[in-house]
Every structure is written in C-alpha cells, then in structure tokens.
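The primary structure of each chain is shown beneath.
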Amino acid sequence: MSNIPGADKKVTAGICGILLGGFGIHKFILGYNTEGIIMLVGFFLSFGLVSILGLIEGIIYLTKSDEEFVETYINNKKGWL
C-alpha cells in the first residue's frame, strides 16, 4: 500500500466505478458530490447507459500509478475522465 495521502481511495473508487459506475458511487468516494448526483440522476434518465462512463473511469483509476491518481483526482480535482 502506498504512503501517498489519497492513494488509499484509488482501488475503492476504481472497483466501485467498474461495478457500480452508473450510480456514481466512485464520484462520492472521491468527494465529487455534484458529479455523483449527475451520474445518479443520469443513470435513471438514460436507462443505465451512463454505467459505461463509470466502467471506463474505474478502469482509468486502476491503471494510473498512485502518484498519477493522487495528482489528477485528489490534488487537481479532475471530476470527469
């Protein structure tokens, strides 16, 4: 496990993105509440098609190094892809 603050959220957010992506759970884990609500509402309005976005984001999270993940999603607060 990495000692980089924020890296502990990478695996949890990645797995939730892959398995529950349409509900925006991975966004809430990262503290992106607005984006999480958008995905949750979008899930119901798009009949689940937004789940593809969550799947892609989960894969992206897991393929980044801990340093890249923290810099991109924790420090720079990149809310989408």
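Residues numbered from 1 in each chain as written. Predicted model: local features only at pLDDT ≥ 70, side-chain atom pairs only at ≥ 80, totals over all residues. Heavy atoms only, no water.

## Comments concerning the environment of Phe23
- Within the fold, Phe23 resides in the loop between α1 (8–20) and α2 (25–29).
- C-alpha of Phe23 to C-alpha of Asn75: the two residues are 52 residues apart in sequence and 24 Å apart in space.
- Sequence-distant contacts of Phe23, defined by excluding residues within four places in its chain, comprise Phe28, Gly36, Leu40, Phe43 and Phe44. (Helix = DSSP H or I, 4+ residues; strand = E, 2+ residues; numbered from the N terminus. Contact = heavy atoms within 4.5 Å.)

## Quick notes on helix α3 (residues 33–45)
- Compared with an ideal rise of 1.5 Å per residue, which puts 13 residues at 18 Å, α3 spans 18 Å between its outermost C-alpha atoms and is within 8% of the ideal.
- Every buried residue of α3 is accounted for by Glu35, Gly36, Met39, Gly42 and Phe43. Looking straight down α3, one finds its buried side chains confined to an arc of 130 degrees; they lie on one side. Of the exposed residues in α3, the ones pointing more than 90 degrees away from its buried face are Thr34, Phe44 and Leu45.
- Those residues of α3 that are buried lie in contact with α2 and α4 (51–63).
- The first or second residue beyond α3 is Phe47, which carries a positive phi of 55 degrees. (Expected span 1.5 Å × (residues − 1). Buried < 20%, exposed > 50% of the residue type's maximum accessible area, 1.4 Å probe, protein only. Arc of directions from axis to C-beta.)

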